[in-house]
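Observations on the three-dimensional arrangement
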Amino acid sequence: MKSSLLLTTLLLSTLAGQTPSRADHGKKPTPANPRKQTAAADLKMPSGFTATVLAENIGPARHITVSKTGDVYVKLGKLKDGKGIVRLRDTNKDGVADEQMSFGDYPGTGILIKNGYLYTSSNTAVFRYKLNEKEEVMNPEQPERLVSGLLSKARDESKSIEIDDKDNLYVNIASWNDACREPGTGKGMMPCPLLDSAAGIWQFKASKLDQTYATGVRFATGLKNVVGLDWNPVSNSLFVLQHGRGQFHDFYSQYYTPQQSTELPAETMYELHKGDDAGWPYVYYDHIQKKKILAPEYGGDGKKTAGEKTIDPVAAFPAHLGPNGLLFYTGTMFPARYKNGAFIAFHGQNQALKKGYMVAFVPFKNGKPSGPWEIFADNFAGTDLAKPTGPVQHRPCGLAMGPDGSLYVTDDLNGTVYRIAYNAASPKASAKR
């Protein structure tokens, strides 16, 4: 199913980085026949694709990474049994994780494997664990702390991370204020004081220990909240997905209808370079008008354009979908059209379209989007969002590619990890349990 692209005062933290305690070394098997424990509906995907459930009920599974031997490491948004990282292993290769190990006593979102280390983040710090030749964590109870004291407020606390090939570590520092409004008013603070310490991507060194928030470099600004980010190996640049602001009608009913509040603003994808400004909170992107619009907190009326000095999004999506995962597909299992394209895990839903909780795909060519985005895997919700008969069952959050080219998807609502594979001989996709 395809959708149109057009639908679509420095505050330094005094919080100390959390130091993990000893890991749980016990190898806990997952319960027998875990596929039978979930009544989630089958996923809907293009012909030839099938989905299986690797594990369930592991906790609020956020971002995910897979080793070269197929071990799956998952970061948990909240602790489960006192631990925040789960390693899943399928020892008999039947598609179900039969070995589970947990370690790390901090919750968070970010996790990735790079240059012989497992990198992870809490809401205030970034750590790394040395891996052996099989990319297994050697000392789960002794991580190295790379960065501490990252800003963490009451909302949008997650610190998503990415690393390039030049030893640069990128960390999202989100705004905790939806539109940089003065408390209790609809008026925007000018200039927005949050921009010095939040609402952007900060850069550190991936191999340097004991860095602090104050020593980081603000790589890019004007980004309200980024959860999904990935390095594009073709363009050799960082791509991010921004969660858009809201509450247009709540504060500015003279300019926006309730319907417009469900449709605006777009969720946006940006290609970032050092010094870039994506415009928040002063401007937002309207995918219907195809323009950058002056925010009402700063004198806008829903029509005035602005942002001449800010970067344009490379892709835009319907409002409030909550893009939480981004992955550039470099494998060979999937058909050629998916090569180097971007998969996106949408964590929310658009009330106007009655769509959400899905994995989408954007085709790329020469490091740039080359066509409209499309829904790739749907029905994680397990209910018809237009006429729901029950609660949402699963919310896609993290994405990772396995060594064989398969696609892993996490669910942070019920702790499910899916594996999506392709077989040209398979006429119909289903989620098997």
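Note that the coordinates shown come from a computational prediction; the quantities given were computed from them, not determined experimentally. (Residues numbered from 1 in each chain as written. Predicted model: local features only at pLDDT ≥ 70, side-chain atom pairs only at ≥ 80, totals over all residues. Heavy atoms only, no water.)

Quick look at the layout of surface pockets
In this structure, the largest pocket occupies an estimated 730 Å³ of space. Residue lining of the largest pocket: 32 residues in total, with L112, I113, E162, D230 and L327 positioned closest to the centre. If you list the elements that add at least two residues to the lining of the largest pocket, you get β3 (61–66), β7 (111–114), β11 (161–163), β16 (226–232), β22 (323–328) and β28 (396–401). Its residues placed into classes, the lining of the largest pocket shows 17 nonpolar, 9 polar and 6 charged. Of the volumes computed, that of the second largest pocket is approximately 520 Å³. Forming the boundary of the second largest pocket are 28 residues, of which R62, D156, E157, S158 and H347 lie nearest the centre. (1 Å grid on protein atoms, 1.4 Å probe; cavity = no way out; pocket = protein on both sides within 12 Å on 5 of 7 lines; lining within 4 Å. Points joined across faces, edges and corners; volume = space filled by probe spheres on them. Helix = DSSP H or I, 4+ residues; strand = E, 2+ residues; numbered from the N terminus. Nonpolar A, V, L, I, M, F, W, Y, C, P; charged D, E, K, R; others polar.)

Describing the state of the cysteines
Counted by the stated rule, this structure contains 1 disulfide. Note on cysteine connectivity: C180 is disulfide-linked to C192, with sulfurs 2.1 Å apart. Its torsion about the S-S bond being 100°, the disulfide of C180 and C192 is classed as right-handed. Here the residue C180 occupies a position in the loop between β12 (168–173) and β13 (200–205), and C192 occupies one in the loop between β12 and β13, the gap between them amounting to 12 residues. Residue C180 shares its accessibility class with C192, and that shared class is buried. (Disulfide = S-S within 2.5 Å. Buried < 20%, exposed > 50% of the residue type's maximum accessible area, 1.4 Å probe, protein only.)

Quick notes on the pairing of strand β18 (residues 267–272)
Of all 6 residues making up β18, 6 are buried, and the element is well covered by its neighbours. Here β18 shows a buried face lined by E267, M269 and E271 and a second buried face lined by T268, Y270 and L272. As defined by bridge partners, strand β17 (residues 237–242) adjoins β18 across 5 bridges and the pair is classed as antiparallel. Note that in β18 the partner of L241 across the bridge is M269. Bridge analysis of β18 against strand β21 (residues 315–317) gives 3 bridges, and the strand direction is antiparallel. Residue pairing in the sheet places T268 in a bridge with A316 of β21. (Pairing = 2+ DSSP bridges.)

So, the packing of aromatic side chains
Aromatic rings considered in pairs are described by the distance between their centres and by the relative angle of their planes. Considering all chains together, one arrives at 30 aromatic pairs under this definition. Relative to F127, the ring of Y106 has its centre 4.7 Å away and its plane inclined at 40°; by these criteria the two rings are tilted. Placement of Y106 in the loop between β6 (99–103) and β7 and of F127 in strand β9 (residues 126–130) is noted, with a sequence separation of 21 residues between them. For the pair Y106 and F127, one class covers both residues: buried. Between F380 and Y418, the ring centres sit 5.2 Å apart and the planes meet at 90°, which makes this aromatic pair edge-to-face. (Phe/Tyr/Trp six-rings, centres within 6.5 Å; stacked < 30°, edge-to-face > 60°.)

Digging into the sheet that holds β22
Pairing between the strands of a sheet comes from backbone hydrogen bonds, and it takes one of two forms, parallel or antiparallel. If you trace the 4 strands from one edge of the open sheet to the other, you get β22-β23-β24-β27, paired in antiparallel fashion. On the outer flanks of this sheet lie β22 and β27 (374–377), each paired with one strand and no other. Each strand of the sheet is rotated relative to its neighbour by a mean of 35°, with strand direction disregarded. One ladder, built from 5 bridges, connects β22 with strand β23 (residues 342–350); its direction is antiparallel. Counted as the bridge partner of F328 is A342 from β23. (Axes fitted to C-alpha atoms, helices over the stretch in contact; angles between N-to-C directions.)

Details of the pattern of salt bridges
Following the criterion strictly, the structure yields 21 salt bridges and no others. Here R128 ties to E144 by a salt bridge, and the two come within 2.5 Å at their closest N and O atoms. A residue pair is termed long-range when its members are at least 10 positions apart, and R128 in strand β9 and E144 in strand β10 (residues 144–148) qualify at 16 residues. The partly exposed category is assigned to E144, whose relative accessible area is 28%. A salt bridge links R395 to D412, with the shortest nitrogen-to-oxygen separation between them at 3.2 Å. With R395 in the loop between β27 and β28 and D412 in the loop between β29 (407–411) and β30 (416–422), this residue pair connects regions lying 17 residues apart in the sequence. (Salt bridge = Lys/Arg side-chain N within 4 Å of Asp/Glu carboxyl O.)

A look at empty space enclosed by the protein
Space inside the largest cavity adds up to approximately 150 Å³. Q242, Y270, V283, Y284 and Y285 are, among the 18 residues lining the largest cavity, the residues nearest its centre. Broken down by secondary-structure element, the contributors of at least two residues to the lining of the largest cavity are β18 and β19 (283–286). With 3 residues, β19 is the largest single contributor of residues to the lining of the largest cavity. Split by residue class, the lining of the largest cavity holds 11 nonpolar, 5 polar and 2 charged. Reported here for the second largest cavity is a volume of approximately 50 Å³. Taken together, L151, S152, K153, R155, D156, E157, K159, A174, S175 and W176 make up the lining of the second largest cavity.

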